[in-house]
Amino acid sequence: SSLRQRRALVALSPRFMTATMGDKLAVGDGRISAAMRAVGVLIGRYPLRWSAISTIVALILLISGLTTRQQFGGSKPMTTPDSFESQWGVSGGKTEETIRFMTEQKEKEAPWRKTASITMFVPKDESVTDLATKEVFEELHALFIKFGQMEVEVNGKTYTVYDVCDRGILPDLPPEVLAPYGSPVMPCTVISPLMCFREGGDINHPSYQALDNMTRENLSATIANAVAYSTRPSFRDLTDEQIKAELSTLRQESRADLPPGLARGCLGWSNAVTYF
């Protein structure tokens, strides 16, 4: 029979094995599967030739692509011109709009321009849509503390985060200058939802924390417009609903008629510095 003849051919020669299997696959598994199997068999039969051909093709594609990049005389950048933050922003959202505005402003030469560092806090589980919870704030606070503990050593000298962060335009005042004990090391400029809560002051310099705890309601008498962190509620004492309410509190009555994104949020170290 035809089947017996085919089996005999398979037993006699590997060449007929390939042809016979191809015929069988063409009927049973479809033409695409048969073609892929035939290519696989061909590559297995001539591995060195196919390796050389694949390498040559890959090099041609790589070189042709590199020649279009600026580093190799082309007109296109090597990487995407979009910033890391803008790539993670929701298309058409408020975050993307804000990042685009800040990027445009950075491109302008200005004496007040400062370098900013952005840390994005996102859930690992896509099903989590609420980040304004006590559990999330505990993780955010742990990362916040690590930021405050950063140090770097350069030429034998150790610099802390207070030496390199933005703390305003005035230098620290030594003792007997405007005050008997000088000025405390002012807080770093940090924009975070933690600023609404007492824990927002945990990374402040010990000199500022001591003054904050001692004066509390009268801190503004020592430092103009200052609002003590020690008078703010602790997120650890609040429910998730109360945390959301605190984050949405109206901070300036003059802005009551403005949209929520422009009138509510957290205070910085000063009542003149509101983070929305």
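Keep in mind the model is a prediction, meaning the values are calculated, not measured. (Residues numbered from 1 in each chain as written. Predicted model: local features only at pLDDT ≥ 70, side-chain atom pairs only at ≥ 80, totals over all residues. Heavy atoms only, no water.)

1. Re the overall build of the chain
Put simply, the test is: Comment: elements are numbered from the N terminus, with helices defined as DSSP H or I runs of at least four residues and strands as E runs of at least two. Classification of residues uses two cut-offs on accessible area relative to the type maximum, computed with a 1.4 Å probe and protein chains only: under 20% is buried, over 50% is exposed, and between them is partly exposed. By definition in these notes, contact holds between two residues if any of their heavy atoms fall within 4.5 Å.
A tally of helices and strands in the chain yields twelve helices and four strands. In the chain, buried positions account for 23% of the 276 residues. Sequence separation of 24 or more characterises 45% of the internal contacts of the chain that already satisfy a separation of 6 or more.

2. Some details on the pairing of strand β1 (residues 151-154)
As a reminder, the rule being used: Strand pairing follows a simple DSSP-based rule, namely that at least 2 bridges must link the two strands.
As defined by bridge partners, β1 adjoins strand β2 (residues 157-160) across four bridges and the pair is classed as antiparallel. Note on β2: the bridge partner recorded for E151 is T160. Hairpin connection of β1 to β2: two residues between the antiparallel strands, including N155 at a positive phi of 55°.

3. Quick word on unusual backbone geometry
Its identity is not glycine, yet N155 carries a phi of approximately 55°, on the positive side. Examined against the element boundaries, N155 turns out to sit in the loop between β1 and β2. Overall, N155 belongs to the exposed group, its relative accessible area being 78%.

4. Notes on the state of the cysteines
Put simply, the rule is: Two cysteine sulfurs form what is called a disulfide whenever their separation falls within 2.5 Å.
Enumeration according to the criterion identifies two disulfides in this entry. Covalently, C165 is tied to C188 through a disulfide, its sulfur atoms 2.0 Å apart. The chirality of the disulfide connecting C165 with C188 is left-handed, given an S-S dihedral of about -80°. In this pair, C165 is assigned in the loop between α8 (161-164) and α9 (206-215) and C188 in the loop between α8 and α9, connecting sequence segments 23 residues apart. Disulfide partner of C196: C266, at an S-S distance of 1.8 Å.

5. Examining the packing of aromatic side chains
To be explicit about the condition: Two aromatic rings from Phe, Tyr or Trp, using only the six-membered ring of Trp, form a pair when their centres are within 6.5 Å; if the ring planes differ by under 30 degrees the pair is stacked, by over 60 it is edge-to-face, and anything between is tilted. A positively charged side chain is recorded as over a ring if its NZ (Lys) or CZ (Arg) lies within 6 Å of the ring centre. The angle to the ring normal must also be within 35 degrees.
All chains considered together, the criterion is met by three aromatic pairs. Their ring planes at 90° and their centres at 5.6 Å tell us that F137 and F197 sit as a pair that is edge-to-face. Residue F137 is located in helix α7 (residues 134-148), and its partner F197 is located in the loop between α8 and α9; the two are separated by 60 residues in the primary sequence. Just as F137 is buried, F197 falls in that class too. Ring pairs connect the aromatic residues F137, F197 and F235, which therefore count as one cluster. Between R232 and the ring centre of Y229, over which it is positioned, the NZ or CZ distance is 4.0 Å.

6. Concerning the nonpolar core
For clarity, the threshold we go by: Definition used in this section: a nonpolar core is a set of buried Ala, Val, Leu, Ile, Met, Phe, Trp, Tyr and Cys residues joined via side-chain atoms within 4.5 Å.
Core analysis: the biggest nonpolar cluster contains 26 residues, and F197, Y208, L219 and I223 have the highest contact counts within it. Only α7, α8 and α9 provide two or more residues apiece to this core. Broken down by element, the residue count for this core peaks at three residues, all from α7. When near neighbours in sequence (up to four residues on either side) are disregarded, F197 contacts F137, Y229, R232, P233, S234, F235, L238, I243, E246 and L247.

7. Comments concerning the side chain of N204
By the element assignment, N204 lies in the loop between α8 and α9. Those residues in contact with N204 that lie beyond four places of it in its chain are Y162, P187, Q209 and Y229.

8. Considering the pattern of salt bridges
The line we're drawing: Each salt bridge in this description consists of a side-chain nitrogen of Lys or Arg and a carboxyl oxygen of Asp or Glu lying within 4 Å of one another.
Considering all chains together, one arrives at four salt bridges under this definition. Across the pair R167 and D172 runs a salt bridge whose closest N-O atoms are separated by 2.9 Å. Judged by relative accessible area, D172 falls into the partly exposed class, the value being 36%. Across the salt bridge formed by R236 and E199, the nearest N and O atoms sit 3.5 Å from each other. Note that R236 is positioned in the loop between α10 (219-222) and α11 (240-247) and E199 in the loop between α8 and α9, a separation of 37 residues in sequence. Here E199 falls in the buried class, since its relative accessible area comes to 4%. One network of salt bridges, in which partners are shared, links E138, E199 and R236.

9. Let's talk about the confidence of the model for the chain
As a reminder, the rule being used: One number per residue, pLDDT, summarises how confident the predictor is, and it ranges from 0 to 100.
In the predicted model, the chain carries a mean pLDDT of 79, and the fraction of residues at 70 or more is 82%. When the criterion is pLDDT under 50, residues 5-28 qualifies, and its contacts beyond four places in sequence or with other chains add up to 13 contacts.

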